Amino acid sequence: MENINEELLKLNTHFFNPTEDVVMVNGKGIYLYDEKGREYIDCAAGTFNLSLGYSHPDILEAVRKQAENLIHVTSSYMTEPVARLVEKLVEITPQSLTKIHLKVSGGSTANEGAIKMAQNYNGKNGVISLFRSHVGQTIYTMNASGLSFRREPFQGLLSTGITHVPPAYCYRCFYNQHPDTCGMQCVDRINDFIDYASTGNISAMIVEPILGNGDNIVPPMDYFKKLRKLADERNFALIFDEIQTGIGRTGHMFAADYYCVEPDIMTIAKGLGGSGFQIAAIAAKPEYSNMDGHHHSFTYGSNVLASAAALKTIEIINTPLFLANIKETGNYIVSYLKRLQEKYPFIGDVRGVGLMIGFEIVNEKGEPDTTLTNQIKKHAFYNGLLMRTSRYGFGNVIKIRPALTLTLQEAEEICSRLEKTFETTMR
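Residues numbered from 1 in each chain as written. Predicted model: local features only at pLDDT ≥ 70, side-chain atom pairs only at ≥ 80, totals over all residues. Heavy atoms only, no water.

Asker: Just give me the short version of the sheet that holds strand 14 (residues 388-389), but keep the residues and values in it.
Answerer: With antiparallel pairing, the four strands of this open sheet are ordered in space as 11-12-15-14. Edge positions in the open sheet fall to strand 11 (347-353) and strand 14, since each of these has one partner strand only. Relative to strand 15 (residues 397-400), strand 12 (residues 356-361) is paired through four bridges, and the arrangement is antiparallel. When the sheet's bridge partners are listed, Ile-357 is paired in strand 15 with Ile-400. (Pairing = 2+ DSSP bridges. Helix = DSSP H or I, 4+ residues; strand = E, 2+ residues; numbered from the N terminus.)

Set out below in structure tokens:
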């Protein structure tokens, strides 16, 4: 086995982006194991897509049964898993979202498709996106991203008509306001961006209810209600990018439920596949569903096998007890981190909803400390924690988003290993 693993690592020279020099061989639940038998708690749930952890037995059984009959068929034909998934998504998404588009193969193509649907409906092409937002990896969604460094190598491929605005980042307010007295200036000032910084022809605003890659920013409760009102007044579609927040991550099936706001269009991916099966969806109000299918249709969209996994995933997660456990374990971790703030002054703001948690690493002046952030991530690995930092390692927020199957005992173990990591870092 050792010779095989050495041989595998030599192949790193052929990878477009070399991997870490560790060979992972097995995973179960929240745990991942390398070739030497070392155990890690995966606090990123893969790429935030293993909502039910590694190798969930019910997901594997559902996929095995489906694979015996049909793995893939062109989406031109009806299959039971796809039809049942459409039915279930209509049931669990906000009430007005009654049209489901499954012919997308991931979060990026779902987000791009949602924007296309809005543009097709209202005949406008401008898009509003947030500073720090991710949006996607296609050329268009990368340009809609609120992270400018992602566009630097691709100047000749930039898209026009995209306007970026500040998010509701209360800890570091763009307008130097306080949430108790600001009157949601971050929403009101979007009018100025539309009037003076855009084409004035706004088709849609795409927003993550909690910014995933962009520092785990959690807006206040009234933010989206006011944003919904603005979208109606200015006649543009409100798109919720629930690629990371959807399918139970916040302790609700969707962050839209947590904020009690219905978007016009919602995108879903990542956690919908349960244990890593690739699937994505767009849920929309009926008026946005008139776009011809050939404008946005992908080979591996509406995949039968992945739909079987998604159906079982929703069945498991969408129960009061399961969702309540997400809230309980998430609250435990947030409370523990807030206690550690007293001991470790480099812990800045701690924020999260359910098991979508992030905490800032700061210097003695309270400024972002990216160097220390990445040191903590490195030490966490040696203490058996796989962690992600924000903005592709350029940010100062450490994210905790384990599988939603997390037990209270496992949450305690994460916190114990994390505190040990802090002690190691400060030596």
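So much for the structure itself; the text now carries on.
Asker: If you had to explain the packing of helix 13 (residues 370-382) against helix 14 (residues 408-426) to someone new, which residues and values would you point to?
Answerer: At a minimum axis distance of 9 Å, the contact between helix 13 and helix 14 shows a crossing angle of 120 degrees. It follows from the interaxial angle that helix 13 and helix 14 lie oblique. In this structure, the crossing between helix 13 and helix 14 has a hand that is right-handed. Contacts between helix 13 and helix 14 pair Leu-372, Ile-376, His-379 and Ala-380 from the former with Thr-421, Phe-422, Thr-424 and Thr-425 from the latter. Of the residues belonging to the contact of helix 13 with helix 14, the class tally is four nonpolar, four polar and no charged. (Axes fitted to C-alpha atoms, helices over the stretch in contact; angles between N-to-C directions. Parallel < 35°, antiparallel > 145°, perpendicular 65-115°, else oblique. Left-handed = near helix turned anticlockwise from the far one by under 90°. Contact = heavy atoms within 4.5 Å. Nonpolar A, V, L, I, M, F, W, Y, C, P; charged D, E, K, R; others polar.)

Asker: Describe in detail a nonpolar patch on the surface, supporting the description with residues and values.
Answerer: Nonpolar side chains collect at one region of the surface, where Leu-8, Leu-11 and Phe-15 lie side by side and expose about 270 Å² of accessible area between them. Considering the arrangement of structural elements, one finds Leu-11 in the loop between helix 1 (2-10) and strand 1 (24-28). A residue is classified by how much of its surface remains accessible, and Leu-11, at 40% relative accessible area, is partly exposed. (Patch = residues over 30% accessible without salt bridge, like charges linked within 9 Å, V, L, I, M, F, W, Y side chains within 5 Å. Areas by Shrake-Rupley, 256 points an atom, 1.4 Å probe, with all protein chains shown as cover. Salt bridge = Lys/Arg side-chain N within 4 Å of Asp/Glu carboxyl O. Buried < 20%, exposed > 50% of the residue type's maximum accessible area, 1.4 Å probe, protein only.)

Asker: Provide a residue-level description of the packing of helix 4 (residues 80-92) against helix 11 (residues 304-317), including the pertinent values.
Answerer: In a pair of packed helices, the angle between the axes and the distance between the axes together describe the arrangement. Direction vectors running N to C along helix 4 and helix 11 enclose 35 degrees, while the axes themselves pass 9 Å from each other. Considering only the axes of helix 4 and helix 11, their crossing is left-handed. Contact residues: helix 4 offers Pro-81, Val-82, Arg-84, Leu-85, Lys-88, Leu-89 and Ile-92, while helix 11 offers Val-304, Ser-307, Ala-308, Ala-310, Leu-311 and Ile-314. Tallied by class, the residues present in the contact of helix 4 with helix 11 amount to ten nonpolar, one polar and two charged.

Asker: Account for helix 14, naming residues and giving values.
Answerer: When the terminal C-alpha atoms of helix 14 are compared, their 27 Å separation across 19 residues agrees well with the 27 Å that a helix rising 1.5 Å per residue should span. Where helix 14 is concerned, the buried positions are Glu-410, Ala-411, Ile-414, Cys-415, Arg-417, Leu-418, Glu-419, Thr-421, Phe-422 and Thr-425. (Expected span 1.5 Å × (residues − 1).)

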